[in-house]
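A closer look at the structure
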Amino acid sequence: MDHPQYCRHFLADNSTLHVERCMSVMQSGTQMVKLKNGSKGLVRLFYLDEHRSCIRWRPSRKSEKAKITIDSLYKVTEGRQSDIFHRHAEGNFDPACCFTIYHGNHMESLDLVTSNAEEARTWMTGLRYLMAGISDEDSLAKRQRTHDQWMKQTFEEADKNGDGFLNIDEIYQLLHKLNVNLPRRKVKQMFQEADTDDQQGTLTFDEFSVFYRMMSLRRDLFLLLMCFSEKKDHLTAEELGNFLRAEQKMTNVTAEYCLEIIDKFEVTEENKQKGILGIEGFTNFMRSPACDVFNPQHNEVNQDMDQPLCNYFVASSHNTYLTGDQLLSHSKTDMYAWVLQAGCRCVEVDCWDGPDGEPMVQHGYTLTSKITFKSVIETINKYAFVNNEYPVILSIENHCSIQQQKKIAQHLKEIFKDKLDVGELLHRDSKQLPSPNGLKGKILLKGKRLPPYLSADAEEGEVSDDDSADEIEDDFKLKNSTSNGPTQHMVETQIRKKLDSLLKESQIGDKEDTDSFSIRALLRATHEGLHKNLRKNSKEGLKKSQSRSFISNLKQKRHSKSRLKCQSVDTDEDGQQEASGKEGGGQFNRSGGRRRTMKLSRDLSDLVVFTNSVVSQECLDEGFVVNVLSFSETRAQQLVHHRAERFLTFNQRQLSRIYPSAYRIDSSNFNPQNYWNVGCQLVALNYQTEGRMMQLNRAKFMVNGGIGYVLKPPPMCKGSFNPYSDDPLPAYPKKQLVLKIISGQQLPKPPDSMLGDRGEIIDPFVEVEIIGLPVDCCKEQTRVVDDNGFNPVWEETLSFTLHMPEIAMVRFLVWDHDPIGRDFVGQRTVAFSSLMPGYRHVYLEGMTEASIFVHISVHDIYGKWSPLVLNPSYTILHFLGANKGRQLRGFRGFFSRSSKCSVDTHTGVPPRKRSITNHLLRRTASAPAKGRKKTKMALSETSLDKDKNDSNGDLKQQAVEKRVGPRMALQHRPASMPLDRLLQSRLTLSSPETDGADPGADTIIEN
């Protein structure tokens, strides 16, 4: 067998014959015991599928869904190391027969026990071989592999009777699943053309592949190819070079490079010999990573890494050890390994006194599980610099006694060793923080330091505990969380079931609407219920009746979310101030309340060098550059709204950390963009909770190779501006982003579709959202295409103006239109600075084939008006090159907003006869445009929602108007204005001053 290059390093210690024997055994299947929480273990047959793409097992109630893809594997560990094995200690399993497979975003574990040690070794060797291949392959190889696996899986799932062939009825069912709406006559015709073997009436896999290629012919790409090939059905190397230079904006395009592309992507040997690229080869090239929307240079470090730490955004995690919610979930050391390798550079460790003098890591006053501090530090030491050498910040939340603080310091010194040594940097420049390059391979402790006035001989001293970031407020503490016994177990079960049901209920709504579920309402109810019902009987422990009362409280307050949303900022802030004043202590804070204090060990204090945690100050006075201020999201929100400029100036010199509100017990996340806009560096998110906010976070840090450090824009590092102003940077040129949303490919049914694959064919539309400074935040959407998710065509142009593009995100969302709302299909979020110009495919995140095809162009805008803004379509055509006039006349009509008119009609060129273009584009968008007006949004999580009642809508509208405010309009053609009417000068531009129009509108047009 010819093994790929990427497996050679693995085969150095494992012969090819041995690895193939392992593969064969795994594909035949092995009976193993699958250990689970709270059960004795289940005997199942585990096997590797024939494509070597996933592990499956049977029997299972999940049927076809009982699988783990090789792509999702994180690591394989030998022996009884996982939490599940520790809980099954009474099983007396031989460690040589035990192994654990970690997989998925949440580091889920599959814990297996074989009948003998040889079987365990076989599986571990085979899985590690497969993982080595995936980790080392390049993006093109991965793209090809995932496509091949998807084709084989699609064929197998369509083969209902399992005979290895697809008949015409199975093809009909498959096409419905793939959202293809073609006449049966056309399907039969393609079926017969593909069915070339002796066994007529069925398709083999190879014949199905031919059928799929026929069905997937890209009319838009064929038209694009003809445009640059003088209407031939192929591109020469020279024509391909012209396309790359003119459209894809590539430089240094040589003839040799074009021939390499032809050799790599062309499918027929005849074309390769001639040095030409046919439609299939061109399609392969356009769908490859080379034409992805994301800039491939951003997969590597590409920014200056020698500036002070405060000039960077740093990927930060909150309560890193938790695998789920903040109340009941498990704590795992593996979470540190996962987030560190995912690029996170600031992790959190909550330390509490543990048994036998060993400090523990847990979320205090909750029912979450505990892990030892030592095991956490060992894991961080092992994984901190595996694929990323830039510094790691360890945020220590210290709740330990002096004795166990000394133990913490001892573990840190013994395990991290010289990684903590930053002495040489300490005296270089005391006026600014060191750079990420200067701190490579180092671990910084963020914690408290003893005050300088204490004697150097003092082994301990008192420090403020007011900024103890993540300790639950007194009213919300579960005082007897340490109790054990059947009563606690029953309550835990009750709470878990109800919490799960409420969270599922919250997900029924619009997943992309951050207001569809107000977690604050739920969590306020949770804490009030715990406080009211548990405090009265704290000595007696938790009772079932109290649990019921807590649950009912939870349910009742679930529906009060709208009212609480309006009050959340003020009430949360007050609640925190009240809580902080209840603790004892002789000092007073700025608001007059008593300060909490704690004793701090000298040993632990001395380990904190560049990141000294201090009490957050409302006035944001300049202090020492090494001081780090921590704010809960509610307190930070107050500063963002009322003192944005001051906050931004503070962040130019010192570090600030923002962490989620204590009300987010479900581990939901706030919008990090609010705090990035004012330069906050350490914006801590719950990495275990996938969703919109983590997608923004990933897109943010992919800009610089995913290393967890992204350089702030220059205006944020020096100078001053108000990010909430209508024109925050008047001296800087603005950018206009022009997006042509052309078509979609293989868009699936919504993931939460009640009928699954049997549901009706989707009616997709695309929404593009800009997330950045408040003045830049807006959404636009295309019209709806009826009954076509396989190859919908929109042909629409959307344009956006950005004042600070360096900090903006562009979010592509695909929705399924429904008479009573819309269903989320998929998304892809990309930082503006990572967008590639020209014709690009935007692959939806987490999906193999689903994509949208777009054209991207960016222009500078100087002053209040620019000709480029007036006519984006003309600009693109102009950039294509005037020397392609004849080809472009046919191509322009493809992007016309009106299917009846094209640019040619109004440029003195006679109308063309119905050509192949009309035939190729016969399946175009048919539904009328819906709500095409550009939506300006305030950046806060409060936004307009049509489904809310009128009174709430009015309140939110006032909030949006107050935040966005009037601003001078940039004069440009909106996406809803027909281009041909503009070119004929039937529409004239007017100004707000002369016509008294709405000054907040983006475009002032009169008929």
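Bear in mind the structure is a predicted one, so any value in this text is a computation, not a measurement.

**A closer look at the overall build of the protein**
Broken down by element type, the protein carries 34 helices and 35 strands. For the protein, buried positions account for 57% of its 1007 residues. Considering only residue pairs separated by 6 or more positions, the protein has 70% of its internal contacts joining residues 24 or more positions apart. Surface summary for the protein: the accessible area is close to 43,900 Å², and the carbon and sulfur share equals 49%.

**Some words on the sheet that holds strand β28 (residues 793-802)**
Taken together, four strands build an open sheet; the order of strands is β28-β25-β32-β31 and the sheet is antiparallel. Of all strands in the sheet, those bounded by a partner on one side alone are β28 and β31 (838-843). Taking each pair of neighbouring strands and ignoring which way they run, the sheet shows an average axis angle of 30°. With six bridges joining them, β31 and strand β32 (residues 851-861) adopt antiparallel strand pairing. Looking at the pairing, Y839 lines up with H855 of β32.

**Re the environment of F631**
Inspection of the secondary structure assignment puts F631 in strand β21 (residues 627-632). Along the primary structure F631 and I658 are separated by 27 residues, whereas in three dimensions their C-alpha atoms are 5.0 Å apart.

**Some thoughts on the packing of helix α15 (residues 373-383) against helix α16 (residues 402-416)**
In the contact formed by α15 and α16, the axes pass within 10 Å of each other and the chain directions differ by 25°. One element, α15, and the other, α16, form an angle in the roughly parallel class. Where α15 crosses over α16, the two elements pack in a sense that is right-handed. Along the contact surface, α15 presents F373, K374, I377, E378, I380 and N381, while α16 presents I408, H411, L412, I415 and F416. Class assignment of the residues belonging to the contact of α15 with α16 gives a composition of seven nonpolar, two polar and two charged.

**Here we look at the nonpolar core**
By size, the foremost hydrophobic cluster in this structure holds 82 residues, and its most contacted members are V349, F373, I380, L394, L412, F416 and F647. If we skip the residues at most four places from it in the chain, F416 touches I377, I380, N381, L394, H411 and I443. In terms of nonpolar packing, the next biggest core, distinct from the first, is built from 35 residues, F294, F800, A808 and L813 among them.

**With respect to the side chain of Q654**
Along the chain, the position of Q654 falls in the loop between α24 (644-650) and β22 (655-659). When its relative accessible area of 1% is taken as the criterion, Q654 is described as buried. A distance of 3.4 Å separates a polar atom in the side chain of Q654 from the backbone oxygen of F624.

**Quick notes on the confidence of the model for the protein**
Within the protein, residue pLDDT values average 76, and 68% of them lie at 70 or more. Across residues 507-521, confidence stays below pLDDT 50; counting only partners more than four residues off in sequence or on other chains, it has 49 contacts. For the stretch residues 938-1007, pLDDT sits under 50, and the model shows 134 contacts to residues farther than four places along the chain or on other chains.

**Looking at the pattern of salt bridges**
Applying the stated criterion to the full structure yields 23 salt bridges. We note a salt bridge from E118 to R121, for which the minimum N-O separation is 3.0 Å. Linking E118 with R121, this pair stays in helix α4 (residues 117-136), spanning three residues, or about one helical turn. The class for E118 is partly exposed, based on a relative accessible area of 43%. Accessibility expressed as a relative area gives 44% for R121, which makes it partly exposed. A salt bridge links K406 to E459; its shortest N-O distance comes to 3.5 Å.

**Examining the pairing of strand β26 (residues 764-771)**
Counting buried residues in β26 gives eight out of eight residues, a clear majority hidden from the surface. Side chains P764, V766, V768 and I770 project from β26 onto one buried face, and the interleaved F765, E767, E769 and I771 project onto a second face that is buried too. Taken together, the eight bridges between β26 and strand β29 (residues 809-818) define a ladder with antiparallel strand orientation. The residue of β29 that forms the bridge with E767 is L813. Pairing geometry for β26 and strand β27 (residues 778-781), over four bridges, is antiparallel. Across the sheet, I770 pairs through a bridge with C778, a residue of β27.

**Observations concerning the side chain of H234**
Tracing the chain through its elements places H234 in strand β10 (residues 234-236). By relative accessible area, which is 18% here, H234 ends up buried. Separated by 3.0 Å, the side chains of H234 and D233 make a polar contact. When neighbours within four sequence positions are excluded, H234 is seen to be in contact with L225, S229, E239, I276, L277 and G278.

**Quick look at the packing of aromatic side chains**
Counted by the stated rule, this structure contains 19 aromatic pairs. On the numbers, 5.7 Å between centres and 35° between planes, the contact of F46 with W57 is tilted. Of this pair, F46 sits in strand β2 (residues 42-48) while W57 sits in strand β3 (residues 54-58), placing them eleven residues apart in sequence. Each of the two residues, F46 as well as W57, counts as buried. Note on F155 and F205: the rings are 5.5 Å apart at their centroids and 85° apart in plane angle, and the pair reads as edge-to-face. Placement of the pair is F155 in helix α5 (residues 139-158) and F205 in helix α8 (residues 205-215), with a sequence separation of 50 residues. Aromatic ring contacts, followed pair by pair, group W150, F155, F205, F208, Y212 and F790 into a single cluster.

What counts and how
- Residues numbered from 1 in each chain as written.
- Predicted model: local features only at pLDDT ≥ 70, side-chain atom pairs only at ≥ 80, totals over all residues.
- Heavy atoms only, no water.
- Helix = DSSP H or I, 4+ residues; strand = E, 2+ residues; numbered from the N terminus.
- Buried < 20%, exposed > 50% of the residue type's maximum accessible area, 1.4 Å probe, protein only.
- Contact = heavy atoms within 4.5 Å.
- Areas by Shrake-Rupley, 256 points an atom, 1.4 Å probe, with all protein chains shown as cover.
- Pairing = 2+ DSSP bridges.
- Axes fitted to C-alpha atoms, helices over the stretch in contact; angles between N-to-C directions.
- Parallel < 35°, antiparallel > 145°, perpendicular 65-115°, else oblique.
- Left-handed = near helix turned anticlockwise from the far one by under 90°.
- Nonpolar A, V, L, I, M, F, W, Y, C, P; charged D, E, K, R; others polar.
- Core = buried A, V, L, I, M, F, W, Y, C linked by side-chain atoms within 4.5 Å.
- Polar contact = N/O pair within 3.5 Å; in protein donor to acceptor, adjacent residues only side chain to side chain.
- pLDDT = per-residue confidence, 0-100.
- Salt bridge = Lys/Arg side-chain N within 4 Å of Asp/Glu carboxyl O.
- Phe/Tyr/Trp six-rings, centres within 6.5 Å; stacked < 30°, edge-to-face > 60°.

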